[in-house]
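Secondary and tertiary structure notes
Residues per chain are reported as follows:
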Amino acid sequence: MKVGFIGAGNMGGAIAKAVSKCALQPEILLADYSRDKAEELALEIGAVVSDNVGVVEACDYVFLGVKPQVLGAVLQQLAPVAAAKAGRTVFISMAAGVTMETILKTLGDGMPLIRIMPNMPVSVGSGMILFDCSAAVTEEETGTFLVIMEKAGRVDRLPEHLIDAGCAVSGCGPAFAFLFAEALADGGVTCGLPRQKALEYAAQMLYGAADLLLSGGRHPGELKDAVCSPGGSTIRGVLALEESGFRGAVMDAVIAAYERTVELG
């Protein structure tokens, strides 16, 4: 099996690295406007450098890792190539805000298409990847896609009309989490901690809290209450966050990110 990537930037490159480690061990082809970038990644993961047309002609699955603003032009180039080849090509788009309906207007309604929304932690195998499939994608092709993505992180099928909302949480959320981690560390430094110690403690705390939330099946409010002893230091900190409008600010950030994602589409 052959898997291709058109666009080998931060996200496309991270997913290519994950795909190179999956159980199917596919042959990987890379194409990018910067051939140097493609060649550097190819050397790292044992891939072959090609061009856009060559990737579609050769590959069974093709990831489209280009920006939404240039996706239309790329699709116009690729549509006749995909239509002319004997075998099937399953396209996988990660363009924020661009619907499958929009993409299939160029590729054709019968073309198998998977829309995904990954996030930055796929680069360390701990990503959150949302996806949905067009009607032309078979169950077998969906199953193969899930195996291809197994080393990228957690994969969840979500109706397409909810993907933009999911992106505002899982796709944009890492930036919010990094901002929170930095603020936690700044607070620790203010209280006398060395910077690197404060960053390590903040990062490990977020990692552990996320693991606990995912594994225990308990509501975050219940977990928060378990940490807050009566009259203790944690509830005093929670009060300070509430007085500063912490939860409202986070909700506003998600809503703003969602609205911008819709605009990009």
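See the structure above.
Note that the coordinates shown come from a computational prediction; the quantities given were computed from them, not determined experimentally.

In terms of regular secondary structure, the chain is built from 12 helices and 8 strands. A principal-axis box enclosing the C-alpha atoms of the chain has dimensions of 70 × 35 × 30 Å. Out of the 265 residues in the chain, the part that is buried amounts to 39%. Considering only residue pairs separated by 6 or more positions, the chain has 65% of its internal contacts joining residues 24 or more positions apart. Accessible surface computed for the chain: about 14400 Å², of which carbon and sulfur atoms make up 57%. In the chain, which carries 20 positive and 30 negative side-chain charges, the distance between the mean positions of the two groups comes to 4 Å.

This paragraph deals with the sheet that holds strand β1 (residues 2-6). Spatially, 8 strands are ordered β3-β2-β1-β4-β5-β6-β7-β8 in an open sheet, and the strand pairing comes out mixed. Two strands close off the open sheet at either side, each with one partner strand: β3 (48-49) and β8 (153-157). Taken together, the 3 bridges between strand β5 (residues 90-93) and strand β6 (residues 113-117) define a ladder with parallel strand orientation. Looking at the pairing, F91 lines up with L113 of β6. Against the sheet, helix α6 (residues 139-148) contacts β1, β4 (61-64), β5, β6, β7 (127-133) and β8, and its axis sits at roughly 60 degrees relative to β4.

Let's shift gears to unusual backbone geometry. Even without a glycine there, the phi angle at Q25 is positive, about 45 degrees. Among the secondary structure elements, Q25 is positioned in the loop between α1 (10-19) and β2 (27-31).

For the pair α1 and helix α2 (residues 35-45), the least separation of the axes is 10 Å and the interaxial angle reads 20 degrees. Considering the angle they form, α1 stands roughly parallel to α2. Along this stretch, α1 crosses α2, giving a crossing that reads as right-handed. For the pair α1 and α2, contact is made by G13, A16 and K17 and by L41, E44 and I45, respectively. A per-class count over the contact of α1 with α2 returns 3 nonpolar, 1 polar and 2 charged.

This brings us to the pairing of β2. The buried fraction of β2 is high, at 4 of 5 residues. In terms of strand pairing, β1 meets β2 through 5 bridges, oriented parallel. Within β2, the residue paired with V3 across the bridge is I28. What joins β1 to β2 is α1, and the crossover it makes is right-handed. Sheet topology places β2 next to β3; 2 bridges connect them, and they run parallel. Bridged to L30 within β3 is V49. Handedness of the β-α-β unit built from β2, α2 and β3 comes out right-handed.

Inspection of every chain in the model, using the stated rule, returns 11 salt bridges. Among the ionic pairs, D164 bridges to R115, the shortest N-O distance being 2.8 Å. Here R115 lies in strand β6 and D164 lies in helix α7 (residues 160-171), a separation of 49 residues in the sequence. Under the relative-accessibility criterion, D164 is labelled buried at 13%. With a closest N to O distance of 3.1 Å, D132 and R157 form a salt bridge. In this pair, D132 is assigned in strand β7 and R157 in strand β8, connecting sequence segments 25 residues apart.

Moving on to the nonpolar core. By size, the foremost hydrophobic cluster in this structure holds 31 residues, and its most contacted members are F5, I15, L30, F63, I114 and I116. For I114, the residues in contact, after removing those within four places along its chain, are V90, F91, I92, S93, F131, D132, C133, V137 and F145. Counting 25 residues, the second largest nonpolar core, distinct from the first, contains V55, L71, A95 and L104.

Attention shifts here to α7. Every buried residue of α7 is listed here: E160, I163, D164, G166, C167, A168 and S170. Here the buried face of α7 lies against α5 (100-107), β6, β7, α8 (173-190) and α12 (246-264).

With that settled, consider the environment of E141. Mapped onto the secondary structure, E141 falls in helix α6. For the pair E141 and Y61, spaced 80 residues apart in sequence, the C-alpha separation works out to 9.2 Å. Beyond its immediate chain neighbours, meaning those up to four positions away, E141 contacts Y61, R88, V90, P112 and A136.

The rules behind these values
- Residues numbered from 1 in each chain as written.
- Predicted model: local features only at pLDDT ≥ 70, side-chain atom pairs only at ≥ 80, totals over all residues.
- Heavy atoms only, no water.
- Helix = DSSP H or I, 4+ residues; strand = E, 2+ residues; numbered from the N terminus.
- Buried < 20%, exposed > 50% of the residue type's maximum accessible area, 1.4 Å probe, protein only.
- Contact = heavy atoms within 4.5 Å.
- Areas by Shrake-Rupley, 256 points an atom, 1.4 Å probe, with all protein chains shown as cover.
- Lys, Arg positive; Asp, Glu negative; His and termini not counted.
- Charge placed at Lys NZ, Arg CZ, Asp CG, Glu CD.
- Pairing = 2+ DSSP bridges.
- Axes fitted to C-alpha atoms, helices over the stretch in contact; angles between N-to-C directions.
- Parallel < 35°, antiparallel > 145°, perpendicular 65-115°, else oblique.
- Left-handed = near helix turned anticlockwise from the far one by under 90°.
- Nonpolar A, V, L, I, M, F, W, Y, C, P; charged D, E, K, R; others polar.
- Right-handed = clockwise from strand over helix to strand, strands pointing away.
- Salt bridge = Lys/Arg side-chain N within 4 Å of Asp/Glu carboxyl O.
- Core = buried A, V, L, I, M, F, W, Y, C linked by side-chain atoms within 4.5 Å.

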